[in-house]
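# Reading the structure
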Amino acid sequence: MSAKKLSGLLVPPSRVASILDWRRSIGTVLGFDITADKIGLAITEHPENYCHSTPLGVLSLHGRSTPRKSRGISQESLSEIESIIRENNVCGVVVNWPVNEGRIGERCGNVLRVLDSIVDQSGGVISVKRPFTLWSTHENVPFVPLFQADEWGRSSDFAKAPTYVPGMSYSSKGVLFQELSLNASKVAASMLDEWIKSNWEIDFKLHRATAPKEVGEQYYFSTQSVDEYQSPCLQSTLL
């Protein structure tokens, strides 16, 4: 499938929030946390109607008829997602964007490949009327101070090793975190809660939620980058 088709369905996080605002009485937003072999699902309502996002469970990317080496999603799991969307009036999708200290890597490439597979196989999950956005949790996008570059644009900051975190390993593909201990469905729910808090000012006493006067940083991958993710240069980074 052309990457342009995928990028045409990607919108900023604030746009998905606006769609949910319009459909606050009946609409919901679905959350994805895509790992190497699973996809965690969670759902949230408009913040005027909810307390916390709800984990829906974890689906395998590989079905009985799907080869283990496949980088897409099985038809069985896709059918379950379509059923969830119909039953819950889903109007948008928020996908966890697993950058590491602000850098894209193999996990981000896997997310885009699975989304490619979803859009290629079904028009009932992500579409123009039901767009998706990419959201990275704040701890994955740390504050990076401006560096002092020399006349050639070089900085010693680029030679620094990533901050060590227990349980991570190093490889030529980047820094990889152990995903086995994480429940992808709970990760998706936590991501949705953060997305909600970043796009609304919530008064729990009055059960009222309004869009903030100033929208905070929108952690998402630009459509231009998605257009280019199949280029040899970016593929070498993501694979």
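Residues numbered from 1 in each chain as written. Predicted model: local features only at pLDDT ≥ 70, side-chain atom pairs only at ≥ 80, totals over all residues. Heavy atoms only, no water.

## A few points about the overall build of the protein
Across its full length, the protein holds seven helices and nine strands. For the protein, restricting intrachain contacts to residue pairs at least 6 apart in sequence, the fraction spanning at least 24 positions comes to 69%. (Helix = DSSP H or I, 4+ residues; strand = E, 2+ residues; numbered from the N terminus. Contact = heavy atoms within 4.5 Å.)

## Brief notes about the packing of aromatic side chains
Inspection of every chain in the model, using the stated rule, returns one aromatic pair. Ring geometry for W195 versus W200: centroids 5.5 Å apart, planes at 85°, classification edge-to-face. Each member of the pair, W195 as well as W200, carries the same accessibility label: buried. (Phe/Tyr/Trp six-rings, centres within 6.5 Å; stacked < 30°, edge-to-face > 60°. Buried < 20%, exposed > 50% of the residue type's maximum accessible area, 1.4 Å probe, protein only.)

## So, the pattern of salt bridges
Applying the stated criterion across every chain yields a total of three salt bridges. Notably, a salt bridge pairs E48 with R24, separated by 3.1 Å at the nearest N-O pair. Within this pair, whereas E48 is found in the loop between strand 2 (38-45) and strand 3 (54-60), its partner R24 is found in the loop between helix 2 (13-22) and strand 1 (28-34), the two being separated by 24 residues in sequence. A salt bridge links K38 to D37, with the shortest nitrogen-to-oxygen separation between them at 3.5 Å. On the basis of relative accessible area, D37 is assigned to the partly exposed category, the value being 28%. Where salt bridges share partners, they join D21, R24 and E48 into one cluster. (Salt bridge = Lys/Arg side-chain N within 4 Å of Asp/Glu carboxyl O.)

## Quick look at the environment of R23
Structurally, R23 is set in the loop between helix 2 and strand 1. In this structure the C-alpha to C-alpha distance between R23 and E45, which are 22 residues apart in sequence, comes to 9.7 Å. Not counting chain neighbours up to four residues away, the residues in contact with R23 comprise N89 and C91.

## Some thoughts on the pairing of strand 1
Counting buried residues along strand 1, seven of its seven residues qualify, which places the element largely inside the surrounding structure. Of the two faces of strand 1, the one carrying T28, L30, F32 and I34 and the one carrying V29, G31 and D33 are both buried. Of the pairings in the sheet, the one linking strand 1 to strand 2 comprises seven bridges and is antiparallel in character. Looking across to strand 2, one finds that V29 is bridged to T44. A loop of three residues connects strand 1 with strand 2, the two strands running antiparallel in sequence. Pairing of strand 1 with strand 4 (residues 90-96), which is carried by five bridges, proceeds in the parallel orientation. Bridging across to strand 4, L30 finds its partner in V93. (Pairing = 2+ DSSP bridges.)

## Regarding the nonpolar core
Core analysis: the largest hydrophobic core is formed by 32 residues, its most contacted members being F32, I81, V95, L115 and F132. Of all elements in the fold, only strand 1, strand 2, helix 3 (75-88), strand 4, helix 4 (106-121) and strand 5 (132-135) reach the threshold of two or more residues within this core. (Core = buried A, V, L, I, M, F, W, Y, C linked by side-chain atoms within 4.5 Å.)

## Some words on the confidence of the model for the protein
Confidence along the protein averages 76 in pLDDT terms, with 60% of residues attaining 70 or more. Within the protein, no element has a lower average pLDDT than helix 7 (residues 232-238), which sits at 45, and none a higher one than strand 1, at 97. Predicted confidence is poor over residues 141-146, with pLDDT under 50, and the contacts of this stretch with residues over four places away or in other chains come to six contacts. (pLDDT = per-residue confidence, 0-100.)

## Describing helix 5 (residues 184-199)
The end-to-end C-alpha distance of helix 5 is 23 Å, a good match for the 22 Å that 16 residues give at a rise of 1.5 Å each. Buried within helix 5 are the following residues: A184, S185, A188, A189, M191, L192, D193, E194, W195, I196 and N199. A side-chain oxygen of the first residue of helix 5 lies 2.9 Å from the backbone nitrogen of S185; this N-cap is N183. (Expected span 1.5 Å × (residues − 1). Polar contact = N/O pair within 3.5 Å; in protein donor to acceptor, adjacent residues only side chain to side chain.)

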